[in-house]
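One letter stands for each residue in the lines below.
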Amino acid sequence: MVTIPYRSGNKTAQACVVSVVINRDLAWVTIPGEPFVQHQLNLAEKLPVPNTLMLGVAYCGRGSPFLIYIPTVQAVKEGGYGATQCSFVSADAGDRMVNAAVASIKEMASK
């Protein structure tokens, strides 16, 4: 579970990020909401696993009360439909989820 602040107020949500590694060759990450494609690219770039997949709109059944767009920090700065109008999570929400997945996958892949 990753704590994600909202953009306004002091409210937070718990995002369920699930990571799986198969034979140190395939990493699979699920997150709630629709991530911008840059999150997938960032995830793959940071991992020692050759094949990396990110599955969005994946609800794990506890926490994760949002199925919304998960923009990049840059997209929030630029504004637009998925970045500012249809998303209420902090600008770094995607980075937080990617970083949690990277840490988890690196730990699993090292065993």
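Coordinates for the structure precede this section.
Criteria and thresholds
Residues numbered from 1 in each chain as written. Predicted model: local features only at pLDDT ≥ 70, side-chain atom pairs only at ≥ 80, totals over all residues. Heavy atoms only, no water. Helix = DSSP H or I, 4+ residues; strand = E, 2+ residues; numbered from the N terminus. Buried < 20%, exposed > 50% of the residue type's maximum accessible area, 1.4 Å probe, protein only. Polar contact = N/O pair within 3.5 Å; in protein donor to acceptor, adjacent residues only side chain to side chain. Contact = heavy atoms within 4.5 Å. Core = buried A, V, L, I, M, F, W, Y, C linked by side-chain atoms within 4.5 Å. Pairing = 2+ DSSP bridges. Axes fitted to C-alpha atoms, helices over the stretch in contact; angles between N-to-C directions. Arc of directions from axis to C-beta. Patch = residues over 30% accessible without salt bridge, like charges linked within 9 Å, V, L, I, M, F, W, Y side chains within 5 Å. Areas by Shrake-Rupley, 256 points an atom, 1.4 Å probe, with all protein chains shown as cover. Salt bridge = Lys/Arg side-chain N within 4 Å of Asp/Glu carboxyl O.

This part is about the side chain of threonine 72. Tracing the sequence through the fold places threonine 72 in the loop between β7 (69–70) and α2 (73–78). Judged by its relative accessible area of 13%, threonine 72 is buried. In terms of polar contacts, threonine 72 uses its side chain to reach the backbone amide nitrogen of alanine 75, at 3.0 Å. Setting aside its immediate chain neighbours within four residues, threonine 72 contacts Phe36, Gln38, His39 and Ala91.

Ile4, Val17, Val29, Ile31, Leu43 and Met97 are the most contacted members of the largest nonpolar core, which has 21 residues in total. Residue assignment for this core shows that the elements contributing at least two residues are β1 (2–5), β4 (26–30) and α4 (93–109). Element by element, the count of residues in this core is highest for α4, at seven residues. Each residue touching valine 17, except ones within four places of it in the same chain, is listed here: Val2, Val29, Thr30, Ile31, Met97 and Ala101.

Moving on, we get to the sheet that holds strand β3 (residues 18–22). Judged by pairing direction, the sheet is mixed, and its three strands sit side by side in the order β3-β4-β6 without closing on themselves. The two strands at the open ends of the sheet, each matched to only one other strand, are β3 and β6 (51–55). Put simply, the sheet's adjacent strands are angled 15° from each other on average, direction ignored. Across five bridges, the pairing between β4 and β6 is parallel. By the bridge assignment, valine 29 is partnered in β6 with methionine 54. Contacts from helix α1 (residues 37–46) reach β4 and β6 within the one sheet, and its direction differs from that of β6 by about 145°.

Here the focus is the pairing of β3. Looking at chain direction, β3 and β4 are connected through five bridges and run antiparallel. Its bridge partner being in β4, valine 18 is matched across the sheet by threonine 30. Counting the residues that bridge the hairpin from β3 to β4 gives three residues, and of these asparagine 23 lies at a positive phi of roughly 55°.

Attention now goes to α1. Each full turn of the α-helix corresponds to 3.6 residues, which orients residues three or four apart in the same direction. Within α1, the full set of buried residues consists of His39, Asn42 and Leu43. Angularly, the buried residues of α1 cover 100° about the axis, an arc narrow enough to put them on a single face. Residues Val37 and Glu45 are exposed on α1 and point more than 90 degrees away from its buried face. Against β4, β5 (34–35), β6, β7 and α4 lie the buried residues of α1.

This brings us to a nonpolar patch on the surface. A contiguous nonpolar patch, built from Trp28, Leu53 and Leu55 and spanning about 290 Å² of accessible area, is present on the exposed surface. Within the secondary structure, leucine 53 sits in strand β6. Under the relative-accessibility criterion, leucine 53 is labelled partly exposed at 48%.

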